[in-house]
Amino acid sequence: MIRGRKLRLVALAMVLAPLALLASSFLAAPLPAPAPLPDPVPAASPPAGMALFQLPTGVTHRSAAFAYRGGSFRDPRDFTMTAALVQHPRGDLLIDTGFGRNIDAHFREMPFLFRAITSFDRGRSAAEQLEAAGYDRTRLRGILLTHAHWDHVSGVSDFPEVPVLVTSEERRFIEDGGRLTAVARMAAPHYETYAFDGGAYLGFPQSHDLYGDGSIVVVPAPGHTPGSIIAFVALPNGHRYAFVGDLAWQREGITEREERPWLARTFADRDPPRVRENLLRMAAIATRFPDLTLVPAHDARAFAALPTL
Ligand SMILES: [Zn+2]
Ligand SMILES: [Zn+2]
């Protein structure tokens, strides 16, 4: 009798222990504060006529708890799927593309488990918004991808004539990333790789200055995917932005130094230790330059200040 009770208690503990562990992985656990960044604000000469717009294409319905440790399940966050249009006299750029015209077909390419926990609303695609605004698409010099996941590349196939700029690491990931990069392979665009031929930039070891004027500087930020990048944008009015892609899904990931909870990072991040390393680099930058606008790819609050077309 007593033996039977003991066995039941052991069985109960075996069920509860992993559940308790899983629950604890959602609790706040700030990463240690990084050393202060001594760097001065990097030089930039953004030309007059440069401008930045947002093209919101839809949302997925999530909670803060899904995005970062310490976030609440009772804090709903619609993850925005937004492309950014950077106008530059030497050719315009889209940073990511959000949901494209074929988003329903693209979503069906995603793994079953992901589809089971994801609901989304689609809006007008970036291509439709540019069209409605009478935008001349021959001004587009390229699409700069922060990384090649479905929600960033879905709109790429609406711009078959525009080169898509990725790192060689991300190019390889597109080929061997299985279902996670199926949409990037389907889009079959004209990929163009670039090299990090510039020096250290704000604590990142390498950089690539897209226009040679400091207005858009790309740094490698691998971890979420092997070739993820961050794009720093400087406007003529002096304002600066950091498009951090999915390094963090909401800005608290950087400002509170909270990584994704275990379940989310296990599913979403190729290399969590490298995500942590780059989160801390960005945290040091955010502390050093509080006026810099952090733009996590899915944080609606970050895009709210940007004008639409
Ligand atoms: Zn992603
Ligand atoms: Zn994403």
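All figures in this text were calculated on a predicted structure; none of them were measured in a lab.

Ligation of the zinc ion (ligand 2) by protein atoms is provided by Asp151 (OD), His152 (NE2), Asp246 (OD) and His298 (NE2), these donors lying 2.0 to 2.3 Å from the ion. Seen from the zinc ion (ligand 2), its four donor atoms lie at angles of 83 to 157°, and the figure they make is irregular. The sequence motif formed by the donor residues of the zinc ion (ligand 2) is D-H-x93-D-x51-H. Between the zinc ion (ligand 2) and the zinc ion (ligand 1), a separation of 3.5 Å is found, and both are coordinated by aspartate 246. Remark: histidine 298 occurs in the loop between strand 12 (293-296) and helix 12 (300-303) and histidine 152 occurs in helix 6 (residues 150-153); sequence separation between them is 146 residues. Assigned by exposure class, histidine 152 and histidine 298 land together as buried.

Residues of helix 7 (residues 168-176) that are buried include every one of Glu170, Phe173 and Ile174, and no others. Take helix 7 and look down its axis: the buried residues cluster within an arc of 105°, on one side only. The outward face of helix 7, more than 90 degrees from its buried face, is lined by the exposed residues Arg172 and Asp176. Tucked into the core, helix 7 has its buried residues touching strand 6 (164-167), helix 8 (182-187) and strand 7 (191-194). Immediately downstream of helix 7, the backbone of glycine 178 shows phi near 60°, a positive value.

Here we come to the coordination of the zinc ion (ligand 1). Note on the zinc ion (ligand 1): its protein donors are His147 (NE2), His149 (ND1), His224 (NE2) and Asp246 (OD). The metal-donor distances range over 2.1 to 2.3 Å. For the zinc ion (ligand 1), the four donor atoms are set out with angles of 89 to 169° between them, so the coordination reads as irregular. Every donor residue of the zinc ion (ligand 1) comes from the same chain, spaced as H-x1-H-x74-H-x21-D.

This paragraph deals with a nonpolar patch on the surface. Judged by side-chain polarity, Leu9, Leu12, Val15, Leu16 and Leu19 come together as a nonpolar surface patch covering roughly 480 Å² of accessible area. In this structure, leucine 12 sits in helix 1 (residues 2-24). Judged by its relative accessible area of 47%, leucine 12 is partly exposed.

One open sheet holds the seven strands; their spatial order is 4-1-2-3-5-6-7, and the pairing between them is mixed. Since the sheet does not close on itself, it has two edges, and those belong to strand 4 (120-122) and strand 7, each with one partner. For this sheet the average axis-to-axis angle between neighbouring strands, irrespective of direction, equals 30°. Across three bridges, strand 1 (residues 51-63) lies against strand 4 in antiparallel orientation. The partner of glycine 58 across the bridge, within strand 4, is arginine 122. Sheet strands in contact with helix 7 are strand 6 and strand 7, and its direction is about 100° off that of strand 6.

As annotated by UniProt and renumbered to match this structure, "domain: Metallo-beta-lactamase" (unreviewed entry) occupies residues 80-298. Taken end to end, residues 80-298 is 30% helix and 23% strand, and its two terminal C-alpha atoms sit 5 Å from one another.

Scanning the entire structure with this criterion turns up 14 salt bridges. Among the salt bridges present, the one from arginine 276 reaches glutamate 259, with a minimum N-O distance of 2.7 Å. In this pair, arginine 276 is assigned in helix 11 (residues 272-288) and glutamate 259 in the loop between helix 9 (252-255) and helix 10 (262-268), connecting sequence segments 17 residues apart.

What follows is about the nonpolar core. Generally speaking, soluble globular proteins have nonpolar side chains that are buried together. If you look at the biggest cluster of nonpolar residues, it comprises 39 residues, and the most contacted ones within it are Leu85, Leu140, Ile143, Leu145, Trp150 and Phe159. In terms of residue count, the dominant contributor to this core is strand 2 (residues 76-87) (four residues). Contact partners of tryptophan 150, with chain neighbours within four places excluded, come to Phe99, Ile103, Phe107, Met110, Phe114, Leu180 and Val183. Counting 25 residues, the second-largest nonpolar core is a separate cluster that includes Val219, Leu247, Phe289 and Leu292.

Attention now goes to the packing of aromatic side chains. If you walk through the whole model with that rule in mind, you get 16 aromatic pairs. Both rings, one in phenylalanine 107 and one in phenylalanine 120, keep their centres 4.8 Å apart while their planes meet at 65°; by these two values the pair is edge-to-face. Of this pair, phenylalanine 107 sits in helix 3 (residues 103-108) while phenylalanine 120 sits in strand 4, and the two are 13 residues apart along the sequence. Taking relative accessible area as the criterion, phenylalanine 107 reaches 12% and is therefore assigned buried. With centroids separated by 5.6 Å and ring planes inclined at 80°, the aromatic side chains of phenylalanine 114 and tryptophan 150 adopt a geometry described as edge-to-face. Of this pair, phenylalanine 114 sits in helix 4 (residues 112-116) while tryptophan 150 sits in helix 6, placing them 36 residues apart in sequence. With respect to burial, phenylalanine 114 and tryptophan 150 carry one shared label: buried. Directly above the aromatic system of tyrosine 211 lies the positively charged group of arginine 141, at a separation of 4.8 Å from the ring centroid. Here the guanidinium or amino end of arginine 260 rests over the ring plane of tryptophan 249, the centre of that ring lying 4.3 Å away.

About the criteria used
- Residues numbered from 1 in each chain as written.
- Chains lettered and ligands numbered in written order.
- Predicted model: local features only at pLDDT ≥ 70, side-chain atom pairs only at ≥ 80, totals over all residues.
- Heavy atoms only, no water.
- Donors = N, O, S within 2.8 Å, 3.2 Å for Na, K, Ca; no water.
- Tetrahedral: all angles 85-135°; square planar, octahedral: opposite > 155°, others 65-115°.
- Helix = DSSP H or I, 4+ residues; strand = E, 2+ residues; numbered from the N terminus.
- Buried < 20%, exposed > 50% of the residue type's maximum accessible area, 1.4 Å probe, protein only.
- Arc of directions from axis to C-beta.
- Contact = heavy atoms within 4.5 Å.
- Patch = residues over 30% accessible without salt bridge, like charges linked within 9 Å, V, L, I, M, F, W, Y side chains within 5 Å.
- Areas by Shrake-Rupley, 256 points an atom, 1.4 Å probe, with all protein chains shown as cover.
- Salt bridge = Lys/Arg side-chain N within 4 Å of Asp/Glu carboxyl O.
- Pairing = 2+ DSSP bridges.
- Axes fitted to C-alpha atoms, helices over the stretch in contact; angles between N-to-C directions.
- UniProt positions renumbered as here; feature names shortened; annotations may be inferred.
- Core = buried A, V, L, I, M, F, W, Y, C linked by side-chain atoms within 4.5 Å.
- Phe/Tyr/Trp six-rings, centres within 6.5 Å; stacked < 30°, edge-to-face > 60°.
- Lys NZ or Arg CZ within 6 Å of the ring centre and 35° of its normal.

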